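Notes for the structure review
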Amino acid sequence: MSRFETLAEGLGFPEGPVIMPDRSVVVTEIAAGCLTRIAPDGSVSRLADTGGGPNGAALGPDGMLYVCNNGGFSWDNEAYLKPVGRATDNTGGSIQRVDPDTGKVETLYTSCGDILLRAPNDIVCDRHGGFYFTDHGHRSGRTLDFGAVFYARLDGSEIRQVAFPLIGPNGIGLSPDGASVHVAETSSGRLWTYRVTAPGEFAAPDWPSPTGGDLLAGLPGFQRYDSLAVEACGNVAVATLRLGGITVVSPTGQMVERIALPDPYTTNICFGGEDLRTAFITLSGTGRLVRMEWARPGLPV
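None of the values given here were measured: they were computed from a predicted structure.

Two side chains that carry opposite charge are able to pair once their charged atoms sit near each other. In the structure shown here, the tally under the stated rule is nine salt bridges. With its nearest N and O atoms 3.7 Å apart, the salt bridge here joins Asp22 to Arg37. Of this pair, Asp22 sits in the loop between strand 2 (14-19) and strand 3 (25-29) while Arg37 sits in strand 4 (residues 34-38), and the two are 15 residues apart along the sequence. Given a relative accessible area of 45%, Asp22 falls into the partly exposed group. Assessed through its relative accessible area of 17%, Arg37 is described here as buried. In this structure, Glu158 engages Arg160 in a salt bridge whose closest nitrogen and oxygen atoms are separated by 2.8 Å. Exposure remark for Glu158: the relative accessible area of 32% places this residue in the partly exposed category. Since its relative accessible area comes to 25%, Arg160 is described here as partly exposed. A cluster of three or more residues bridged by salt bridges with shared partners is formed by Glu231, Glu257 and Arg296.

The next subject is the nonpolar core. Counting residues in each nonpolar core, the largest one holds 17 residues, and the members touching the most others are Ile95, Tyr109, Ile123, Phe131, Phe133, Phe150 and Ile159. Contributions of two or more residues to this core are made by strand 7 (65-69), strand 11 (105-109), strand 14 (120-125), strand 15 (130-135) and strand 18 (147-153). Ignoring anything within four residues of it in the chain, the contact list for Tyr109 reads Gly93, Ser94, Ile95, Leu117, Phe131, Ala152, Arg153, Gly156, Ser157, Glu158 and Ile159. Ala239, Ile269, Phe271 and Met292 belong to the second-largest nonpolar core, a separate cluster that totals 15 residues.

Examined against the element boundaries, Tyr194 turns out to sit in strand 22 (residues 190-198). With relative accessibility at 2%, the residue Tyr194 sits in the buried group. Tyr194 sits 94 residues away from Arg288 along the chain, and the two C-alpha atoms are 32 Å apart. What Tyr194 contacts, discounting residues up to four positions off in sequence, is Ala163, Leu166, Ala179, Ser180, Val181, Val183, Phe202, Thr211, Gly212 and Gly213.

Bringing the packing of aromatic side chains into the picture now. Any two aromatic rings considered together are summarised by their centre-to-centre distance and by the angle between their planes. In this structure the tally under the stated criterion is 12 aromatic pairs. An aromatic cluster is built from Tyr66, Tyr109, Phe131, Phe133 and Phe150, whose rings are joined through pairwise contacts.

In a beta sheet, neighbouring strands pair by backbone hydrogen bonds and run either parallel or antiparallel. The strand order across the open sheet built from four strands is 1-31-30-29, with neighbouring strands paired in antiparallel fashion. Edge strands, defined here as strands with exactly one partner in the open sheet, are strand 1 (5-8) and strand 29 (266-272). Looking at each pair of strands side by side, their axes are set apart by 30° on average, direction ignored. In the sheet, strand 30 (residues 278-283) pairs with strand 31 (residues 288-293) via six bridges, with the strands oriented antiparallel. By the bridge assignment for strand 31, Thr282 is matched with Leu289.

Before going further, it helps to spend a moment on the pairing of strand 15. Regular strands place their side chains on alternate faces of the sheet. Most of strand 15 sits inside the fold, with six of its six residues counted as buried. The two faces of strand 15 match: Gly130, Tyr132 and Thr134 on one face and Phe131, Phe133 and Asp135 on the other face are all buried. Strand direction decides the pairing type here: strand 14 and strand 15, joined by four bridges, are antiparallel. Counterpart to Val124 in the pairing with strand 15 is Tyr132.

Moving on, we come to the layout of surface pockets. The computed volume of the largest pocket comes to approximately 790 Å³. Contributing to the lining of the largest pocket are 29 residues, with Phe73, Pro83, His136, Thr186 and Arg224 lying nearest its centre. Secondary-structure elements contributing two or more residues to the lining of the largest pocket are strand 9 (82-86) and strand 25 (224-230). If one sorts the elements of the lining of the largest pocket by residue count, strand 9 sits on top with five residues. For the lining of the largest pocket, a count of residues per class yields 10 nonpolar, 11 polar and eight charged. Estimated volume of the second largest pocket: approximately 560 Å³. Forming the boundary of the second largest pocket are 34 residues, of which Val124, Cys125, Leu174, Pro300 and Val301 lie nearest the centre.

Definitions and limits used
Residues numbered from 1 in each chain as written. Predicted model: local features only at pLDDT ≥ 70, side-chain atom pairs only at ≥ 80, totals over all residues. Heavy atoms only, no water. Salt bridge = Lys/Arg side-chain N within 4 Å of Asp/Glu carboxyl O. Helix = DSSP H or I, 4+ residues; strand = E, 2+ residues; numbered from the N terminus. Buried < 20%, exposed > 50% of the residue type's maximum accessible area, 1.4 Å probe, protein only. Core = buried A, V, L, I, M, F, W, Y, C linked by side-chain atoms within 4.5 Å. Contact = heavy atoms within 4.5 Å. Phe/Tyr/Trp six-rings, centres within 6.5 Å; stacked < 30°, edge-to-face > 60°. Pairing = 2+ DSSP bridges. Axes fitted to C-alpha atoms, helices over the stretch in contact; angles between N-to-C directions. 1 Å grid on protein atoms, 1.4 Å probe; cavity = no way out; pocket = protein on both sides within 12 Å on 5 of 7 lines; lining within 4 Å. Points joined across faces, edges and corners; volume = space filled by probe spheres on them. Nonpolar A, V, L, I, M, F, W, Y, C, P; charged D, E, K, R; others polar.

Now the structure itself:
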């Protein structure tokens, strides 16, 4: 196992870590329906009550937090806390904007035209006043609700679907030059890449593709991918479920390394610190936010 320091524990399935300007870390607590701030001194405080299931989060250029709310899960806590399906009171997903100073929560999007948001999962802001986000969809018995990637404006003025269908799209991130969007598919354990031709527009793939993207990596073994972050060199660091840890994949699809961590629900990673060589990782099954030194500098989210 890799060496790490626990910053906070006892959290309700934390995800979506975001480094704030004051060096605090904000995480979502899906099982508690809230955003939580962990200060540099280790103190923990509730930032906002979002309701539902706040999942991925990103800090916008306007200083606001943008949150993917999946609507809420039902839970199993036999060995680890883990989601086991859609909550009975889940009325649908949404994108929310949260003021980190006041905790005020606004709902920006609940649909894209006549397409209802089902389970928004992860989010990344671009340099053009917008953001990409994944909608994971739901599975119920023999019925599969396919997922998608959407692009939306920060001001709530526009949303469009840009990739469909995917099977459980989860983590999403931009390449260092902003020319590509990487998407992790949980159920298939694959990483897809979409070439950006304009804000919120993707190029057609080089060959027929079930997702509309180019396959970056489909590594051997039973691996289920969650959220991801991108290193400054272009490597993709993706949280890997079941095996428990972070898998680092090069821009050409080779595995660079695998960092083992003691939680099969290792779900999210982001980079911080003065040199962006510190990784902040959520170990969701055991309710922890941990910090560890990283070999290469990452990109800020």
